[in-house]
Amino acid sequence: MANIKIPDRVIPGFKVLIQLKKEEVINFSEFLKNLEVGSKFRKIQEFLTPIVGVKDAVETVKTLLSFEELIDSPNVNFEDLAKDLSSSFADILGDEVSKEDIEN
């Protein structure tokens, strides 16, 4: 059962994220780790556009922005947060996505 209420407006970005190939996820993670604090979100969109297209890049940035409240807590456990997000997203999409896509 879902532990986190995911707003409908960010579901398209979640779909984009889970469809990234493993190498794309690794490259995107490295990009985010090296992104300077205070950078404009346009930099993220520009990085993603060649991979997923303009529309999906915009949707993904919206989704990433929705994480702000979740990760802003000083006591956040990122492993639990990732599991809760995955579970909540799986509940929303049901048959639209495989369990392997969500776990990977």
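Here, the structure is the one placed above.
Residues numbered from 1 in each chain as written. Predicted model: local features only at pLDDT ≥ 70, side-chain atom pairs only at ≥ 80, totals over all residues. Heavy atoms only, no water.

K.L.:
How do you make sense of the side chain of Gln-45 when you look at a structure like this?
P.N.:
Relative to the assigned elements, Gln-45 resides in helix 3 (residues 41-52). A relative accessible area of 18% places Gln-45 in the buried class. In contact with Gln-45, not counting residues within four places along its chain, are Val-54, Ala-57, Val-58 and Val-61. (Helix = DSSP H or I, 4+ residues; strand = E, 2+ residues; numbered from the N terminus. Buried < 20%, exposed > 50% of the residue type's maximum accessible area, 1.4 Å probe, protein only. Contact = heavy atoms within 4.5 Å.)

K.L.:
Even after reading the chapter, I still don't get the packing of helix 3 against helix 4 (residues 54-66), so can you show me in this structure?
P.N.:
The relative placement of two packed helices is expressed as an angle between their axes plus a distance between the axes. Running from N to C, helix 3 and helix 4 cross one another at 135°; their axes reach a closest spacing of 8 Å. Between helix 3 and helix 4, the crossing angle belongs to the class labelled oblique. At the point where helix 3 passes helix 4, the crossing takes the right-handed sense. The residues of helix 4 that touch helix 3, namely those facing Phe-41, Ile-44, Gln-45, Leu-48, Thr-49 and Val-52, are Val-54, Asp-56, Ala-57, Val-58, Thr-60, Val-61, Leu-64 and Leu-65. Here the contact of helix 3 with helix 4 is built from residues that sort into ten nonpolar, three polar and one charged. (Axes fitted to C-alpha atoms, helices over the stretch in contact; angles between N-to-C directions. Parallel < 35°, antiparallel > 145°, perpendicular 65-115°, else oblique. Left-handed = near helix turned anticlockwise from the far one by under 90°. Nonpolar A, V, L, I, M, F, W, Y, C, P; charged D, E, K, R; others polar.)

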